[in-house]
Amino acid sequence: MAGGVAFECDLDGLYRANLEAGLASQILLRISEFGARSLADLDKRGARIDWSQWLPRGIPVVVKASCKRSRIYHSGAAEERVLKHLSEQLEPSESDATPVLVRVRIDDNRCQISLDSSGEPLHRRGWRLQSGKAPLREDLARALLLASGWDRRSPLIDPMMGSGTILIEAAAMARGLAPGRMRTFAIEKFGIHDPQRLVAIRDSAAQRALSDLPFKLFGSDRDAGALEATSANAERAGVIEDLQLRRSSLSGCLDDLEGDAVHALVTNPPYGKRLGNADELITLYQVLGKIVGQLTATSCVAVAANDRRLALRSGLKLKTGFSADSGGSRIRALVRV
């Protein structure tokens, strides 16, 4: 499917997917699929779904539908049909509790009905309570680290760390910590939920992780608030001991570090929306290029950039690893060639 990956698994696999998928936004549990060329088809076939098999009575729910390339084109009408049958079976409550999301996707006259087993988007790991200006999402930070080619076994630096998202994700990756270890999931409200199985899955993931790293991940930023935010977030994430943080200008980020101490540089520099002066941005990238020049020729480098042409002012040879939406802006992961 576009924008997603379909797979089959048992309940344990569904738990693991939510707990350990570092790049996914949500894990949907497909409960029904059928052809639907009219609202009458949707009404008739949707009525056959046994909702009690999946959800307990009285649980709050919300239905969201999308329609593309289909004779059913009114998403609101599709939502009403599905909610009608669900309500007749489960009598959902209207409490203030976060509702379970039912996804209805009608594409090319085929209807897929799924339950969102994740709840809040999975990039919300639970440790980032303090953030700087326009922070990189946790999943995009992980994707940037993966695109960089960093081996997870050697020191890395983020010289513009902001709230520390890249560093904290890097520490979690290197130690094998489950991305969702600090949060709950919507599946815990489902009728199929087995609390003991989820505890066992969480314990198993925790036992596989390293207790600490044999090297440091270095972070710096010229803003004192960034140092405070990164420290607080890293403490919550349980990786503060893996980091070496300090307040520093970009040009001084490698001071007091041996020339071969850093094997990778991964960072999310300010975009134009955060630093409006174009000359300042050009200077920043030029300094970044000089910093990279002090690393070994084989060091991994990845930069999240809103403007590829501006990033190339660094003098670095960069190629696009991937592009994605971030906070309303399109960013590119530019990696060293």
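Summarised in this report is the structure supplied together with it. (Residues numbered from 1 in each chain as written. Predicted model: local features only at pLDDT ≥ 70, side-chain atom pairs only at ≥ 80, totals over all residues. Heavy atoms only, no water.)

**A few points about the sheet that holds strand β2 (residues 61–68)**
Here four strands make up an open sheet; going across it, the order is β1-β4-β3-β2 and the pairing mixed. Unpaired on one side and paired on the other, β1 (28–35) and β2 mark the two borders of the sheet. For this sheet the average axis-to-axis angle between neighbouring strands, irrespective of direction, equals 15°. Here seven bridges tie β1 to strand β4 (residues 110–116), and the two strands are oriented antiparallel to one another. Its bridge partner being in β4, E33 is matched across the sheet by Q112. (Pairing = 2+ DSSP bridges. Helix = DSSP H or I, 4+ residues; strand = E, 2+ residues; numbered from the N terminus. Axes fitted to C-alpha atoms, helices over the stretch in contact; angles between N-to-C directions.)

**Side note on helix α6 (residues 195–208)**
The end-to-end C-alpha distance of α6 is 20 Å, a good match for the 20 Å that 14 residues give at a rise of 1.5 Å each. Those residues of α6 that are buried are in contact with α1 (11–20). (Expected span 1.5 Å × (residues − 1). Contact = heavy atoms within 4.5 Å.)

**A look at the sheet that holds strand β7 (residues 243–247)**
Taken in spatial order, the seven strands line up as β7-β6-β5-β8-β9-β11-β10 in an open sheet, and their pairing is mixed. One side of each edge strand has no neighbouring strand; the edge strands of this open sheet are β7 and β10 (318–326). The sheet shows a mean angle of 20° between the axes of neighbouring strands, taken without regard to direction. Bridging between strand β9 (residues 300–305) and strand β11 (residues 329–336) involves four bridges; their strand directions are antiparallel. Paired with A302 across the strands is V335, a residue of β11. Of the strands in this sheet, β5 (156–158), β8 (264–267), β9, β10 and β11 are in contact with helix α4 (residues 138–148), which crosses β10 at around 170°. Lying over the sheet, helix α8 (residues 278–293) contacts β8, β9 and β11, oriented at roughly 165° with respect to β9.

**Quick notes on unusual backbone geometry**
Negative phi values dominate among residues other than glycine, just as trans dominates among peptide bonds. Positive phi outside glycine occurs at R69, with the angle close to 50°. The topology assignment puts R69 in the loop between β2 and α3 (75–90). In this structure, N109 is a non-glycine residue whose phi angle is positive, near 65°. Locating N109 in the fold gives a position in the loop between β3 (100–107) and β4.

**As for the packing of helix α2 (residues 39–46) against α3**
Remark: α2 packs on α3, axes separated minimally by 9 Å, with the N-to-C direction vectors making an angle of 20°. Comparing the axis directions of α2 and α3 gives the class roughly parallel. The crossing of α2 and α3 is right-handed. Contacts between α2 and α3 involve L39, L42, D43 and G46 from the first element and A77, A78, R81, V82 and H85 from the second. Across the contact of α2 with α3, the residue classes tally to five nonpolar, two polar and two charged. (Parallel < 35°, antiparallel > 145°, perpendicular 65-115°, else oblique. Left-handed = near helix turned anticlockwise from the far one by under 90°. Nonpolar A, V, L, I, M, F, W, Y, C, P; charged D, E, K, R; others polar.)

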